[in-house]
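# Architecture and fold: a report
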Amino acid sequence: MTNLVIADIVLRGAGSLLRQRLEKGLLTGQLDGDKAKHLVESRGMVSTLALWGASRLATRSPVGLAVVAGGLAAKVLYDRGKQIEAKRRARKAAAASGQSDS
């Protein structure tokens, strides 16, 4: 029984370290190294629990996976819509300021 507990602790620790390294590596491609490190290491308890809950839900059933994937897809579409809207507003403001300068 003790060996099982030790193996579980080692596997969880190794998995956690691997996950943090992967997260930092993925973020480093988009951000500088210090900012990526700060984002990964300064995650709060609420976001940690939310991520844990979402991963548990997604791995328990196909319905859970569909719910989590649907939520992530909705978030991506929402963010893209906001980004497109911000670009439109910037172009509109630039055009308005260009016309007022003339």
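On a predicted model such as this, the values are computed, not experimentally measured, just so you know.

### Thoughts on the layout of surface pockets
Which parts of space are left empty comes out when a probe the size of a water molecule is rolled across the atoms. If you add up the space inside the largest pocket, you get close to 260 Å³. Arg19, Gln20, Glu23, Val40, Arg43, Thr48, Leu51, Trp52 and Ser55 are the residues that line the largest pocket. For the lining of the largest pocket, the secondary structure elements donating two or more residues are helix H1 (2–28) and helix H3 (45–60). By residue number, the principal contributor to the lining of the largest pocket is H3, which donates four residues.

### Overview of the pattern of salt bridges
Here the structure, examined in full by the defined rule, presents four salt bridges. In this structure, the salt-bridge partner of Arg88 is Glu85, at a minimum N-O distance of 4.0 Å. With a gap of three residues between them, Arg88 and Glu85 both fall in helix H4 (residues 62–101), about one helical turn apart. In this structure, the salt-bridge partner of Glu85 is Arg89, at a minimum N-O distance of 3.5 Å. Linking Glu85 with Arg89, this pair stays in helix H4, spanning four residues, or about one helical turn. Connected through shared salt-bridge partners, Glu85, Arg88 and Arg89 make up one network.

### Remarks on a nonpolar patch on the surface
On the surface, Met1, Leu4, Val5 and Ile9 cluster together into a nonpolar patch covering about 480 Å² of accessible area. Turning to its location among the elements, Ile9 is positioned in helix H1. Residue Ile9 is classed as exposed on the basis of its relative accessible area, which comes to 57%.

So, how was this worked out
Residues numbered from 1 in each chain as written. Predicted model: local features only at pLDDT ≥ 70, side-chain atom pairs only at ≥ 80, totals over all residues. Heavy atoms only, no water. 1 Å grid on protein atoms, 1.4 Å probe; cavity = no way out; pocket = protein on both sides within 12 Å on 5 of 7 lines; lining within 4 Å. Points joined across faces, edges and corners; volume = space filled by probe spheres on them. Helix = DSSP H or I, 4+ residues; strand = E, 2+ residues; numbered from the N terminus. Salt bridge = Lys/Arg side-chain N within 4 Å of Asp/Glu carboxyl O. Patch = residues over 30% accessible without salt bridge, like charges linked within 9 Å, V, L, I, M, F, W, Y side chains within 5 Å. Areas by Shrake-Rupley, 256 points an atom, 1.4 Å probe, with all protein chains shown as cover. Buried < 20%, exposed > 50% of the residue type's maximum accessible area, 1.4 Å probe, protein only.

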